[in-house]
Amino acid sequence: MSTALLLLITGIGLGAIYFLVASGLSLIYGLMGVLNFAHGVFLSLGAFLGYEVATRMGTSTWGGFAVSLLVGALAGAVFAALTERFLVQRLYERHIEQVLVTVGLALATVALFDGIWGTDPRFITGPGWMETTTRVAGANVPNDRFVAIIVAALVLLAIVLFLRRTRYGMIIRAGVENRSMVTALGIDVRNAFTLVFTIGGAAAGLGGVLASHYFGYVSPLLGQTLLIFAFIVTVIGGLGSLLGAAVASVVVAVLQQFANYYLWGTGDLAVVVLLAVVLLTRPSGLLGRK
Amino acid sequence: MRATLTRYALPVVLVVLLTGLPLLDLSLPGVLPGPTYTPGSLHLMALAMVMAALALSYHLLFGVAGLLSFGHALYFGFGAYALGILMRELELGLVPAALLVLAAGVALATLLGAVSLRVTGIPFAMVTLAFAQAGSVLVRRDPGRVTGGEEGLRLPTEHVPDWLVGVADTRNVYWLALAALVFTFAVVTWVQHSRAGHVAEAVRENELRVRVLGMRPFLVKLAIFVAASVIAVGMGMVHLILNSGAVPHAVSADLTISLLLMVVLGGVGSRWGAVLGAVVYVLLSQRLAVLAQSPAISDLPPVLRIPLSEPLFILGAIFVLVVLFLPGGLAGLGVRLRGARRTRGAQAPTPGSLVAEDETT
């Protein structure tokens, strides 16, 4: 029982990280139809810069951790905004080329990270409390899982509030629904595009810092590995659906954990099988339209 | 008349020249590591030809049918690993094992293609990526100790004919790779000019219209998908023999991305573009890695040294620039230059953003 509970909470913690990547991917795809292969790079950049800041301020201090989260989010946001402005926007409405540009960017940037930080993983420790465990009904749960879950929940809440309560949020929601109508009403959706990229990049950068604590290391391939699961999450949840991404993140991560423990380490395969089943029964995903 | 001549004579001359290369003593400093008859150069050229054939199969998927797959490496890796494992575990000879792997490849491609083609466009890209990732994980995890995990799989040389093993026999492998490339080029041309190829091109442009005409896009796309995948399986097998083994990179998404890079670099929709893109890519990635170790690069300040010593950074940057500023790739550049010369600067034909038709060249 305690094992199952541990797996469940660890799974939700991993799901929180998936969600931080998938939320941006899903919003970007929903509004712009772009599959952003560079999203993993936003995450890696956030993780690396967060790591650099944390090592300079002292990894075991809460201040260092908080600043690394902030720096990670900021780095992801700035990089994402620049990517959108200078690469993606030039290829307006040409979806395949937009994908290709992000693929090339991801390739070049991962190689650059290899050159700067080396291919070997860099190990990182957080504040003392995050390295210990808490007893929950007989299960010893590592505390960094709770931090990941809380941060992801706050991000979900913030994005939902932003989408529902602000004018820009309304434009983005309307754009996801029917972009040509929004354009026809005389609203310049291009700013909304940049905004969505920035939000997605910030969430991914935040996810990068949390992922480096969850897995205990930073490496140039961290983002690319998580990106593939984030893709699966967005397809299962329904492309363009934020809530779908949240639900699917947790489902995918928990399934992965349980399959890894009870089915001889087949977690990754179980996720792909789930994807195939969802595609065969509901091609538009759990909460997708149509 | 002149067009027919270049169309048929040029490839024949090229193939004859390439066939004779292992017997000649030509040096291309900066491109090849040594004279053309040395094993090192032959190996590099054979690798470029295998990659060119693989890029041609990707051209069939992406250039003809418009299917942006991120899982093409799965079939390449399947060919390499399955052949090695079958020969070792069942102690089969090369030919029966290869036939068995091809049959299994058809079954695998049909099954996975049928599932992934339930979605189109970007979701298709994600789904193929997920399947390939599952394959990649499987190979790395090494269930039952058959794939060799990160270390890779060694070619069971005792089941391979003697004339294909050993450094001195590199030229035989070179001829094998050349034959594979010529065969693939012929098959891809045939598929592209068949009824299925034409329907696939029509589906790429407007699927709804094809459906209205009473045809079934799904079956045509599946046929193209299976054809491209089986070619990839075959190339995986040649690659296994060429490199005397297989490593997990053969199944990775990185390999598919490099295929995409080759096809886009050469010019989407053009067969010669795919071949050219692959050759340029293979030579560049080899030569840039050598260049990175040279004193000209290693003495530079870090700001310049780090980016320039990463071949993938340079290739990725070139790729981004091609996508942004050279939509037709190298083939499109050729068409554009020829057009500019013919019309003396008056209204050069701009090749379509993604479709540079082979027939116009």
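Sequence order sets the numbering: in each chain, residues are counted from 1 along the sequence as written. Numbering of ligands from 1 and lettering of chains from A proceed in the order in which they are written. For this predicted model, a pLDDT threshold of at least 70 governs which residues receive local features, and a threshold of 80 or more governs which side-chain atom pairs are given and counted, while totals over whole chains, interfaces and linings are taken from all residues.

What to know about the overall build of chain B
- Helical segments are the DSSP runs of H or I of at least four residues, strand segments are the runs of E of at least two, and each set is numbered from the N terminus. Broken down by element type, chain B carries 15 helices and 2 strands.
- For a compact globule the rule gives 2.2 Å times the number of residues to the power 0.38, and the radius of gyration it is set against comes from C-alpha atoms. In terms of C-alpha radius of gyration, chain B reaches 21 Å, essentially the compact-globule figure of 21 Å for 361 residues.
- With respect to the principal axes defined by its C-alpha atoms, chain B has extents near 60 × 55 × 45 Å.
- A total of 361 residues make up chain B; the buried ones form 46% of that total.
- By sequence separation, contacts in chain B at least 24 residues apart represent 72% of the contacts at least 6 residues apart. Each residue is classed by its C-beta neighbour count within 10 Å, where at least 20 other C-beta atoms makes it buried, 12 or fewer makes it exposed, and intermediate counts make it partly exposed; the C-beta atoms are placed from backbone geometry. Once C-beta atoms have been placed from the backbone, residue pairs whose C-beta atoms lie within 7 Å are recorded as contacts.

Regarding the overall build of chain A
- Counting its regular elements, chain A contains 12 helices and 4 strands.
- In terms of C-alpha radius of gyration, chain A reaches 19 Å, essentially the compact-globule figure of 19 Å for 290 residues.
- Projected onto the principal axes, the alpha-carbon positions of chain A cover approximately 60 × 45 × 35 Å.
- A fraction of 76% describes how many contacts in chain A between residues 6 or more apart in sequence connect residues 24 or more apart.

Some words on the nonpolar core
- A set of buried residues qualifies as a nonpolar core if it consists of Ala, Val, Leu, Ile, Met, Phe, Trp, Tyr and Cys joined through C-beta atoms within 7 Å. Tyr 18, Leu 20 and Ile 232 of chain A together with Val 50, Ala 55, Ala 130 and Ala 177 of chain B are the most contacted members of the largest nonpolar core, which totals 216 residues.
- Domain start and stop points were drawn from an automatic or database domain assignment. Each of domain 1 (1–24 + 34–251) and domain 2 (260–361) of chain B accounts for three or more of the residues forming this core.

Some remarks on the interface of chain A and chain B
- Facing 36 residues of chain A, the contacting portion of chain B comprises 34 residues.
- When contributions to the side of chain A that touches chain B are tallied by element, the ones reaching two or more residues are α4 (95–117), α10 (222–237) and α12 (267–281) of chain A.
- It is α4 of chain A that contributes the most residues to the side of chain A that touches chain B, 16 residues altogether.
- Of the residues assigned to the side of chain A that touches chain B, the class counts are 26 nonpolar, 5 polar and 5 charged. Nonpolar residues are Ala, Val, Leu, Ile, Met, Phe, Trp, Tyr, Cys and Pro. Charged residues are Asp, Glu, Lys and Arg, and all others, Gly as well, are polar.

Some points on the domain arrangement of chain B
All names here are of chain B.
- With domains assigned, chain B is organised as domain 1 (1–24 + 34–251) and domain 2 (260–361).
- Taken together, the contact pairs 14 residues of domain 1 with 13 residues of domain 2.
- Elements represented by at least two residues in the side of domain 1 that touches domain 2 include exactly α2 (39–64) and α6 (170–193).
- It is α2 that provides the largest number of residues to the side of domain 1 that touches domain 2, a total of 11 residues.
- Residue classes in the side of domain 1 that touches domain 2 are distributed as 11 nonpolar, 3 polar and no charged.

Structural notes on the pairing of strand β3 (residues 139–142) of chain A
Residues and elements named next belong to chain A.
- When DSSP finds two or more bridges between a pair of strands, those strands are recorded as paired. Summarising the sheet, strand β2 (residues 133–136) and β3 pair through 4 bridges and their orientation is antiparallel. Within β3, the position partnered with Arg 135 by the bridge is Asn 140.
- Where β2 hands over to β3, the hairpin turn is made up of 2 residues, of which Ala 137 adopts a positive phi near 50°.

Some remarks on helix α2 (residues 39–57) of chain A
All names here are of chain A.
- Expected helix span is given by 1.5 Å per residue-to-residue step, counting one fewer step than there are residues. If you check α2, its first and last C-alpha atoms are 27 Å apart, about what 19 residues at 1.5 Å a residue would give, namely 27 Å.
- With 15 of 19 residues buried, α2 lies mostly within the body of the structure.
- Looking at the residues trailing α2, positive phi occurs at Gly 58, about 100°.

A short note on the packing of α2 of chain B against helix α10 (residues 253–266) of chain B
Residue and element names in this part refer to chain B.
- Helix axes are fitted to C-alpha atoms over the stretch in contact, other axes to C-alpha atoms as well, and angles between N-to-C directions run from 0 to 180 degrees. The interhelical angle for the contact between α2 and α10, taken along N-to-C directions, is 80°, at an axis separation of 9 Å. Considered as vectors, α2 and α10 are oriented roughly perpendicular to each other. Contacts between α2 and α10 pair Met 51, Leu 54, Ala 55, Tyr 58, His 59, Phe 62 and Gly 63 from the former with Leu 259, Met 262 and Val 263 from the latter.
- Here the contact of α2 with α10 is built from residues that sort into 8 nonpolar, 2 polar and no charged. When describing relative orientation, an angle under 35 degrees is termed roughly parallel and one over 145 degrees roughly antiparallel, while 65 to 115 degrees is termed roughly perpendicular and anything else oblique.

What about the confidence of the model for chain B?
Residue and element names in this part refer to chain B.
- The predictor reports its confidence for every residue as pLDDT, a score running from 0 up to 100. Taken as a whole, chain B shows an average pLDDT of 83; of its residues, 93% reach a score of 70 or greater.
- Overall, residues 345–361 carries pLDDT values under 50, and its contacts beyond four positions in sequence, including any with other chains, amount to 31 contacts.
- For this predicted complex, the interface confidence reaches an ipTM of 0.83, while the overall pTM sits at 0.84.

Focus: unusual backbone geometry
Residues and elements named next belong to chain B.
- The backbone of Glu 91 sits at a positive phi, close to 55°, despite the residue not being glycine.
- Checked against the element boundaries, Glu 91 lands in the loop between α3 (73–89) and α4 (94–116).
- Of note in the backbone geometry, Ser 244 takes a positive phi value of approximately 55° without being a glycine.
- Along the chain, Ser 244 falls in the loop between α9 (217–243) and β2 (245–246).

Quick word on the packing of helix α11 (residues 242–262) of chain A against α12 of chain A
Residues and elements named next belong to chain A.
- Interhelical geometry of α11 versus α12 gives an angle of 135° and a closest axis separation of 7 Å. The angle between α11 and α12 places the two elements in the oblique class. Of the two elements, α11 crosses α12, and the hand of that crossing is right-handed. Of the residues in α12, those in contact with Val 252, Leu 255, Gln 256, Gln 257, Ala 259 and Asn 260 of α11 are Gly 267, Asp 268, Ala 270, Val 271 and Leu 274.
- Partitioned by chemical class, the residues of the contact of α11 with α12 number 6 nonpolar, 4 polar and 1 charged. Put simply, a crossing is left-handed when the front helix is turned counterclockwise from the back one by less than a right angle, and right-handed when it is turned clockwise.

What about the environment of Leu 24 of chain B?
- Mapped onto the fold, Leu 24 of chain B is located in the loop between α1 (2–20) and α2.
- Through-space distance from the C-alpha of Leu 24 of chain B to that of Pro 35 of chain B is 8.3 Å; in sequence the pair is 11 residues apart.

Quick look at α9 of chain B
- With 27 residues, α9 of chain B extends 38 Å from end C-alpha to end C-alpha; this agrees with the ideal 39 Å at 1.5 Å per step.
- Within α9 of chain B, 22 of the 27 residues are buried, which leaves it mostly tucked inside the rest of the structure.

Points about the environment of Thr 120 of chain B
- Along the chain, Thr 120 of chain B falls in the loop between α4 and α5 (121–141).
- Sequence separation between Thr 120 of chain B and Gly 66 of chain B is 54 residues, and the spatial gap between their C-alpha atoms is 9.8 Å.

Here we look at the environment of Arg 122 of chain A
Residue and element names in this part refer to chain A.
- Residue placement: Arg 122 occurs in strand β1 (residues 122–123).
- In sequence terms Arg 122 and Ile 199 are 77 residues apart; their C-alpha atoms lie 27 Å from each other.
- Among all residues touching Arg 122, those that are not within four sequence positions of it are Tyr 51, Trp 117, Tyr 217 and Val 218.

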